[in-house]
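Structural overview
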Amino acid sequence: MHEMGIANSVLEAVRTETARYPGTYAAKVSLRIGEVAAIDQEALRFCFEALTLETDLESLELEITLCPRRQRCMECGDNFEVRDYDVRCPQCGSLKTECAGGDELEIAYLEVEEYGTSLIGAEGTK
Ligand SMILES: [Zn+2]
């Protein structure tokens, strides 16, 4: 189950990042995962929750964006998204295409918030 290892390294990256900004906490992390990477999203979510439960990252929200598989045509250079496993170039019809993406596994962005700047706190100072 490699999802546990992935969840772990994502959380490590989140901790490293927030440590650079004292007084902030991670509110949301967004991941980009390629179709080709064959990662079970549900398993990843499960691992993520298990690892953050009762820690300082318990409130961290996980967002997953799935990236479709992409091919590049070796004849005309077109770059296209693969649908229904059809790797033929939609521009020229060539079957000479190579994988050009869809195996991503990266943090798209991390949302950090400052402690004590919630709306409720701001309203209370009136
Ligand atoms: Zn082509």
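See the structure shown above.
None of these values were measured; they are calculated from a predicted model. (Residues numbered from 1 in each chain as written. Predicted model: local features only at pLDDT ≥ 70, side-chain atom pairs only at ≥ 80, totals over all residues. Heavy atoms only, no water.)

It is worth spelling out the coordination of the zinc ion at this point. All of the protein donors around the zinc ion are Cys 73 (SG), Cys 76 (SG), Cys 89 (SG) and Cys 92 (SG); their distances to the metal are 2.3 Å. All donor residues of the zinc ion come from one chain, and their arrangement in sequence is C-x2-C-x12-C-x2-C. With Cys 73 in strand β3 (residues 70-73) and Cys 92 in the loop between β4 (79-81) and β5 (97-101), this residue pair connects regions lying 19 residues apart in the sequence. Under the relative-accessibility criterion, Cys 92 is labelled partly exposed at 43%. (Donors = N, O, S within 2.8 Å, 3.2 Å for Na, K, Ca; no water. Helix = DSSP H or I, 4+ residues; strand = E, 2+ residues; numbered from the N terminus. Buried < 20%, exposed > 50% of the residue type's maximum accessible area, 1.4 Å probe, protein only.)

Here we have three strands laid out as an open sheet, ordered β2-β1-β6, and mixed in their pairing. A single partner strand is all that each edge strand has here, and the edge strands are β2 (61-67) and β6 (105-114). The mean angle between the axes of side-by-side strands here comes to 20°, regardless of whether they run parallel or antiparallel. The sheet contact formed by strand β1 (residues 24-34) and β2 spans seven bridges and is parallel. If you follow Gly 34 over to β2, its bridge partner there is Cys 67. (Pairing = 2+ DSSP bridges. Axes fitted to C-alpha atoms, helices over the stretch in contact; angles between N-to-C directions.)

If you walk through the whole model with that rule in mind, you get 10 salt bridges. In this structure, Arg 72 and Glu 98 form a salt bridge, with 2.7 Å as the shortest nitrogen-oxygen distance. Of the two residues, Arg 72 sits in strand β3 while Glu 98 sits in strand β5, which places them 26 residues apart along the sequence. Owing to a relative accessible area of 32%, Glu 98 belongs among the partly exposed residues under this scheme. (Salt bridge = Lys/Arg side-chain N within 4 Å of Asp/Glu carboxyl O.)

What sets the pattern is the α-helix's 3.6 residues per turn: residues three or four places apart point alike. End to end, helix α1 (residues 3-19) covers 24 Å across 17 residues, agreeing with the expected 24 Å (1.5 Å per residue, within 8%). Summarising the contacts, the buried residues of α1 are in contact with β1, α2 (41-52) and β6. (Expected span 1.5 Å × (residues − 1). Contact = heavy atoms within 4.5 Å.)

This paragraph deals with the side chain of Glu 3. Mapped onto the elements, Glu 3 comes out in helix α1. In this structure, Glu 3 is buried with no salt-bridge partner, the nearest side chain bearing the opposite charge being Arg 45 at 12 Å. Within the structure, the side chain of Glu 3 is placed 2.9 Å from the backbone nitrogen of Asp 40, a separation counted as a polar contact. For Glu 3, the residues in contact, after removing those within four places along its chain, are Ile 39, Asp 40, Ala 43, Leu 44 and Cys 47. (Lys, Arg positive; Asp, Glu negative; His and termini not counted. Polar contact = N/O pair within 3.5 Å; in protein donor to acceptor, adjacent residues only side chain to side chain.)

What follows covers the nonpolar core. Core analysis: the biggest nonpolar cluster contains 17 residues, and Val 10, Val 14, Val 29, Leu 31, Leu 44, Phe 48 and Leu 60 have the highest contact counts within it. Where this core is concerned, the elements lending two or more residues are α1, β1, α2 and β2. Counting residues per element, this core draws most heavily on α1, at five residues. Setting aside chain neighbours within four positions, we find Leu 31 in contact with Val 10, Leu 44, Leu 62, Glu 63, Ile 64, Thr 65, Glu 106, Ile 107 and Ala 108. (Core = buried A, V, L, I, M, F, W, Y, C linked by side-chain atoms within 4.5 Å.)

Function-wise, these values are silent; they only describe arrangement.
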